[in-house]
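# Architecture at a glance
Chain residues, written in single-letter form:
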Amino acid sequence: MSTHLGAAPGQIAPTVLLPGDPLRARWIAETFLDDAVLHSEVRGMLGFTGTWRGLPVSVQGSGMGQPSMAIYVHELFSAYDVQQVVRVGSCGALTERVAVRDVVIASGACTDSSMNRLRFHGLDYAPVADFGLLRAAYDAAQRRDDVTAHVGLVFSGDTFYNPRPELTEPMVAHGVLAVEMEASALYTLAAAHGRRALAVCTVSDHVVTGEETTAEEREQTFSAMVEIALEAALGPADDGLSAPVA
Ligand SMILES: O=P(O)(O)O[C@H]1O[C@H](CO)[C@@H](O)[C@H]1O
Ligand SMILES: O=c1cc[nH]c(=O)[nH]1
């Protein structure tokens, strides 16, 4: 056990999917994993371990915002030796190039959070995704015909209700596709611990058009994102074409 996770040593897999919503964690475990076991419910932040295509994988709720997420990811890395974390989140689209229910694979994350500046004594740091996970997620998304995926920057904000809407236009002009609340600190923590991280997010709402999904849809319907994350972390289905030549 660690301070905020109830799992016994060895109960968490080297690969963890990380939704903010603990109920999305339960839906993922029940929908995509075989033999999923609940191993943590401290503060209601549910964590499960099961298998996907025979490979061990865990799913852990992280809460909303970088301080909450960082508690869980720090403990996953330092107490459970987790090797790779793929955030499976929701995000708000900032540009009409991106539609509700599209998937955004975050190559890097800007932020207004002070967490990185505290770590680097006021200097800026550029948090980026693990390239291997990023490339694998892009490839997994390209194999599907049921979702449009975008690779680019997200903005990991400390506030959900944006106090500075005038910043949306310059951010979009500088390549930011969507807003969410965790990727930046996740990427920094992974770098600090020498582990792999990626954020794959489904667009739950559109900051420009006002279109939005319901809370239930955000909890239980973002399947493509989950399958892309699983394939990125654990490998594509064996299609028989990649078997080694005898
Ligand atoms: O749906 P999740 O993964 O929680 O992600 C997004 O949703 C929450 C805000 O509603 C924030 O955590 C944001 O990053
Ligand atoms: O942080 C978030 C997450 C989803 N949608 C938003 O607008 N912001």
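The name given to the protein in an unreviewed UniProt entry is Uridine phosphorylase, and the organism recorded there is Nocardioides scoriae. Its UniProt record gives the protein a comment under Catalytic activity (unreviewed entry), which states: "uridine + phosphate = alpha-D-ribose 1-phosphate + uracil". Heading Sequence similarities (unreviewed entry) of the UniProt record for the protein holds this comment: "Belongs to the PNP/UDP phosphorylase family."

Applying the stated criterion to the full structure yields 12 salt bridges. Between Arg 164 and Asp 112 there is a salt bridge whose closest N-O contact spans 3.1 Å. With Arg 164 in the loop between β7 (149–156) and α5 (168–173) and Asp 112 in the loop between β6 (103–111) and α3 (115–119), this residue pair connects regions lying 52 residues apart in the sequence. You can call Arg 164 partly exposed: its relative accessible area is 34%. Asp 112 sits in the partly exposed class, given a relative accessible area of 28%. With a shortest N-O distance of 2.9 Å, Arg 117 and Asp 124 are connected by a salt bridge. Since its relative accessible area comes to 62%, Asp 124 is described here as exposed. Each of Arg 53, Arg 143 and Glu 231 takes part in a single network of salt bridges with overlapping partners.

Definitions and limits used
- Residues numbered from 1 in each chain as written.
- Chains lettered and ligands numbered in written order.
- Predicted model: local features only at pLDDT ≥ 70, side-chain atom pairs only at ≥ 80, totals over all residues.
- Heavy atoms only, no water.
- UniProt positions renumbered as here; feature names shortened; annotations may be inferred.
- Salt bridge = Lys/Arg side-chain N within 4 Å of Asp/Glu carboxyl O.
- Helix = DSSP H or I, 4+ residues; strand = E, 2+ residues; numbered from the N terminus.
- Buried < 20%, exposed > 50% of the residue type's maximum accessible area, 1.4 Å probe, protein only.

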